[in-house]
Amino acid sequence: MAPASSLLGPVGGRLWCAGATAGRSDCDAAPAAAAVGIWPGRGAEMRLLVAAGVLALLLDWAAPPGGVAAAFYLPGLAPVSFCQAGQSGQDGESCESTIELFVNRLDSVESVLPYEYDAFDFCQDFREKRPSENLGQVLFGERIASSPYKFKFNEEVMCHLACAKYYYPEKEDHREKLAFLKKGMQLNYQHHWIIDNMPVTWCYEVEDSQKYCNPGFPIGCFVTPDGRAKDACVINDDFNKKNTFYLFNHVDITIAYHSGKDENWPGARLVAARLEPKSYKHTDVNHLSCKGSPMEIPGEFNSKLNLIYSYSVKFEETNSIKWASRWDYILESMPHTNIQWFSIMNSLVIVLFLSGMVAMIILRTLHKDIARYNQIDSSEDAQEEFGWKLVHGDVFRPPKKGMLLSVFLGQGTQIFIMTFITLSFRGEKWKTNVLLTALLCPGIVFADFFIMNLILWVKGSSAAIPLGTLVAILAMWFGISVPLTFIGAYFGFKEKPIEHPVRTNQIPRQIPEQSFFTKPLPGIIMGGILPFGCIFIQLFFILNSIWSHQMYYMFGLLFLVFIILLITCSEATVLLCYFHLCAEDYHWWWRSFLTSSFTAVYLFIYAVHYFFSKLQITGTASTILYFGYTMIMVLIFFLFTGTIGFFACFWFVSKIYSVVKVD
């Protein structure tokens with residue numbers, strides 16, 4: 001048993017310790033920042049990032065002073081100790097001797113379609129094991145499976161046979177398999193291998209002699225008919241034959257480990273796994289040399305082709321790297337990290353400065369307006385009123401298409417805010433409102449998602465959702481989301497209606513002619529610029545993570561940008577709402593929603609720009625999938641930002657009309 005403050009939990013690839021165990025060399029002291037996801041992770045570790053941090057802190061706080069609490073590890077993420085076959089760890093504790101290599105889906109920056117490892121007819125594990133995957137992994141097309149690459153700890157292997165594949169041109173299925181393999185090389189599809197819950201990386205030098213570690217490596221490469229070497233073919237001068245594919249059929253794997261000397265470990269722990277892809281033309285499976293000319297696959301398949309896969313493994317003792325820090329060498333090599341920090345800080349300063357200016361203008365102007373309005377006593381002076389006080393009798397008049405607006409807002413904030421929206425407009429068709437809130441926007445997203453899934457299914461992609469998972473999603477929608485929406489509506493209608501600070505006139509007031517800048521469309525277009533300006537830099541890195549398969553780990557900055565987005569959406573909407581009320585235009589309901597939600601339009605425009613300027617995606621199916629998924633993201637962002645702007649404006653309008661004297 002450990003003291004109450006001794007909580008061990010791996011978060012984002014690091015093992016965090018609190019209290020008495022914070023000094024251990026196999027873990028890092030757990031800061032509060034871990035709970036908001038500042039530290040890196042990938043795959044299953046990434047998804048458990050926030051939950052693990054919060055869980056560790058809650059359990060630490062909940063433990064009684066001076067009490068005891070057992071240390072814990074999250075399943076599948078605990079450190080695994082290894083020792084040589086026939087040996088045991090310290091004090092006779094057990095340890096693993098076999099290192100298994102798992103394979104994941106293959107993806108490409110030139111295609112949105114991921115494929116399972118088995119789809120390319122690589123070496124397969126005849127006793128294939130598939131770790132259980134959560135819903136997020138299934139939705140993102142991750143398909144982790146065991147492989148025939150299995151090693152004994154600290155036993156080096158040189159040029160060992162993995163498997164051999166033989167293709168005959170007269171067999172149709174062989175022609176199809178080889179054609180699919182060539183397509184994968186032409187589109188630069190990447191392997192993703194895993195050892196001990198850690199990506200196997202390919203490290204190579206880039207500009208300025210800096211080393212970049214890629215958590216994937218290519219199937220092979222292609223030299224075009226005009227002799228142009230594509231992608232990885234540039235790394236070897238021997239890849240020079242026109243209209244020829246070069247297959248990386250050999251890998252040199254290096255596994256680094258911490259020996260655990262002077263530590264209370266039962267054995268060694270793996271701290272890094274790197275490989276270097278090679279291409280060798282093996283001629284005899286019984287006599288592999290891993291030397292000589294590369295493995296060429298001609299553009300025209302006219303004769304028998306033998307593809308022999310092999311591997312070499314060596315081990316390195318590296319006690320300078322702690323198990324808790326084994327991801328650092330990957331993250332430190334990532335490009336644009338310094339640029340991201342500089343750009344984020346630059347944007348933060350600009351946004352904070354603009355926000356301060358907006359707040360100062362509103363507060364000073366409003367203070368003068370309220371003081372002037374409250375000094376008016378005579379009815380003769382009251383007739384000379386102007387500005388936003390004139391529309392006090394119409395400012396809370398329910399808007400046109402109020403049903404649709406309440407559905408959007410209810411969807412944006414679901415149960416909690418739904419209570420206030422249905423009461424604000426005093427709608428009579430509350431059942432229709434609740435049904436639309438529960439079904440309209442989720443239905444649009446599901447229809448889009450279902451169409452995308454059909455395309456993936458036709459293309460045989462691993463991202464295609466199985467029928468069982470699709471049924472599970474529908475069950476969660478109709479079994480959880482819809483009932484909770486009705487429960488929220490039920491409790492909402494039991495509450496007292498929201499009382500507005502001023503009465504609404506029976507006859508609507510005529511709105512005077514508006515200038516160009518106070519008309520609805522210009523204000524809505526301008527309103528989304530400031531919120532988008534504070535997120536577009538971070539958006540670039542998020543899109544890189546989604547479509548270019550780069551790691552994203554700066555969740556602390558992302559949280560900061562999220563807070564800035566909330567502030568700027570609120571302030572921009574309130575400012576424009578105030579200008580329109582001063583121009584005696586009381587139609588603020590829809591305008592407040594659309595002002596901040598127009599940020600989503602800029603997001604879509606940026607996504608289009610990113611598609612044409614940054615991505616190399618080819619093919620109609622991949623293009624449809626890109627924009628299909630982008631539209632889902634844009635719709636969700638549209639509802640979210642619109643809801644923030646609406647409630648900021650609603651609070652502002654209620655506040656200013658509650659502090660002025662109105663007859």
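Since we're looking at a predicted model, the values are computed, not measured.

**Thoughts on the overall build of the chain**
Phase 1: If you tally the helices and strands in the chain, you get 17 helices and 22 strands.
Phase 2: For the chain, with 663 residues in total, the buried portion stands at 51%.
Phase 3: Partitioning the intrachain contacts of the chain with sequence separation of at least 6 by distance along the chain shows that 75% fall at a separation of at least 24.
Phase 4: Total accessible area on the chain stands at roughly 32,200 Å², and carbon and sulfur atoms take up 61% of it.

**Section: the nonpolar core**
Phase 1: Formed by 87 residues in total, the largest nonpolar core has its most connected members in Phe 151, Leu 181, Trp 193, Leu 307 and Tyr 626.
Phase 2: Tyr 626 has contacts with Val 112, Trp 547, Ala 607, Tyr 610, Phe 611, Leu 615 and Ile 617, leaving out every residue within four places of it along the chain.
Phase 3: Residues Val 358, Phe 650, Ile 656 and Tyr 657 belong to the second largest nonpolar core, which totals 19 residues.

**Considering unusual backbone geometry**
Phase 1: We note that Asn 154 has phi near 65°; this positive angle belongs to a residue other than glycine.
Phase 2: One can find Asn 154 in the loop between β9 (145-152) and β10 (157-167).
Phase 3: On the basis of relative accessibility, which here comes to 29%, the residue Asn 154 falls in the partly exposed class.
Phase 4: Positive phi is not limited to glycine here, since Cys 159 has a value of about 50°.
Phase 5: Take Cys 159: it is sitting in strand β10.
Phase 6: By relative accessible area, Cys 159 is classed as buried at 14%.

**Details of the UniProt feature "transmembrane region" (unreviewed entry) in the chain**
Phase 1: Per the UniProt annotation, the sites labelled "transmembrane region" (unreviewed entry) are residues 341-363, 403-423, 435-458, 470-493, 524-543, 555-581, 593-612 and 624-653.
Phase 2: Annotation note: span residues 470-493, helix share 100%, strand share 0%, distance between end C-alpha atoms 33 Å.
Phase 3: Counted over residues 624-653, helix gives 100% and strand 0%. Its end C-alpha atoms are 43 Å apart.

**Side note on the sheet that holds strand β22 (residues 305-317)**
Phase 1: What the 4 strands build is an open sheet, ordered β10-β22-β19-β20; its pairing is mixed. The two strands at the open ends of the sheet, each matched to only one other strand, are β10 and β20 (269-278). Geometrically, the sheet is characterised by an average inter-axis angle of 20° between neighbouring strands, direction not taken into account.

**Considerations on a nonpolar patch on the surface**
Phase 1: Taken together, the side chains of Met 476, Ile 480, Leu 484, Ile 487, Tyr 490 and Phe 491 present a nonpolar region at the surface, about 580 Å² in accessible area.
Phase 2: Within the secondary structure, Phe 491 sits in helix α10 (residues 467-494).
Phase 3: Owing to a relative accessible area of 48%, Phe 491 belongs among the partly exposed residues under this scheme.

**Topic: the sheet that holds strand β12 (residues 193-195)**
Phase 1: Across the sheet, which stays open at both edges, the 4 strands sit in the order β9-β6-β12-β13 with antiparallel pairing between neighbours. The open sheet has two free edges, formed respectively by β9 and β13 (198-199), since each of these has just one partner strand.
Phase 2: When strand β6 (residues 98-103) meets β9, the two strands line up antiparallel, connected through 5 bridges. Paired with Glu 100 across the strands is Lys 150, a residue of β9.

**Focus on the packing of helix α13 (residues 536-547) against helix α16 (residues 599-613)**
Phase 1: Interaxial distance between α13 and α16 falls to 11 Å at its minimum, and their mutual angle equals 55°. Looking at the two axes, α13 sits oblique to α16. Crossing of α13 over α16 shows right-handed handedness. Residues Phe 536, Leu 539, Phe 540, Leu 543, Asn 544 and Trp 547 of α13 pack against Leu 603, Tyr 606 and Tyr 610 of α16.

**Quick notes on the environment of Val 223**
Phase 1: Looking at where Val 223 falls in the secondary structure, it is placed in strand β17 (residues 220-223).
Phase 2: A residue is classified by how much of its surface remains accessible, and Val 223, at 1% relative accessible area, is buried.
Phase 3: Sequence-wise, Val 223 and Lys 241 are 18 residues apart; in three dimensions their C-alpha atoms are separated by 6.7 Å.
Phase 4: Ignoring any residue separated from it by four or fewer positions in sequence, one finds Val 223 in contact with Arg 228, Ala 229, Cys 233, Phe 239, Asn 240, Lys 241, Lys 242, Asn 243, Thr 244 and Tyr 246.

**Concerning the pattern of salt bridges**
Phase 1: If you walk through the whole model with that rule in mind, you get 8 salt bridges.
Phase 2: We note a salt bridge from Arg 274 to Glu 316, for which the minimum N-O separation is 3.6 Å. With a gap of 42 residues between them, Arg 274 in strand β20 and Glu 316 in strand β22 connect regions that are remote in the sequence.

**Brief notes about the packing of aromatic side chains**
Phase 1: For the coordinates displayed, the defined rule picks out 47 aromatic pairs.
Phase 2: With centroids separated by 6.2 Å and ring planes inclined at 85°, the aromatic side chains of Phe 122 and Tyr 309 adopt a geometry described as edge-to-face. Of this pair, Phe 122 sits in the loop between β8 (111-115) and α3 (135-139) while Tyr 309 sits in strand β22, placing them 187 residues apart in sequence. Of the two residues, Phe 122 and Tyr 309, both sit in the buried class.
Phase 3: Centre to centre, the rings of Phe 153 and Tyr 257 are 5.0 Å apart; their planes meet at 70°, and the pair counts as edge-to-face. Of the two residues, Phe 153 is situated in the loop between β9 and β10 and Tyr 257 in strand β19 (residues 250-258); the sequence distance between them amounts to 104 residues. With respect to class, Phe 153 is no different from Tyr 257; both count as buried.
Phase 4: Taken together, the ring pairs connect Tyr 115, Tyr 117, Phe 120, Phe 122, Phe 180, Tyr 189 and Tyr 309 into an aromatic cluster.

Definitions and limits used
- Residues numbered from 1 in each chain as written.
- Predicted model: local features only at pLDDT ≥ 70, side-chain atom pairs only at ≥ 80, totals over all residues.
- Heavy atoms only, no water.
- Helix = DSSP H or I, 4+ residues; strand = E, 2+ residues; numbered from the N terminus.
- Buried < 20%, exposed > 50% of the residue type's maximum accessible area, 1.4 Å probe, protein only.
- Contact = heavy atoms within 4.5 Å.
- Areas by Shrake-Rupley, 256 points an atom, 1.4 Å probe, with all protein chains shown as cover.
- Core = buried A, V, L, I, M, F, W, Y, C linked by side-chain atoms within 4.5 Å.
- UniProt positions renumbered as here; feature names shortened; annotations may be inferred.
- Pairing = 2+ DSSP bridges.
- Axes fitted to C-alpha atoms, helices over the stretch in contact; angles between N-to-C directions.
- Patch = residues over 30% accessible without salt bridge, like charges linked within 9 Å, V, L, I, M, F, W, Y side chains within 5 Å.
- Salt bridge = Lys/Arg side-chain N within 4 Å of Asp/Glu carboxyl O.
- Parallel < 35°, antiparallel > 145°, perpendicular 65-115°, else oblique.
- Left-handed = near helix turned anticlockwise from the far one by under 90°.
- Phe/Tyr/Trp six-rings, centres within 6.5 Å; stacked < 30°, edge-to-face > 60°.

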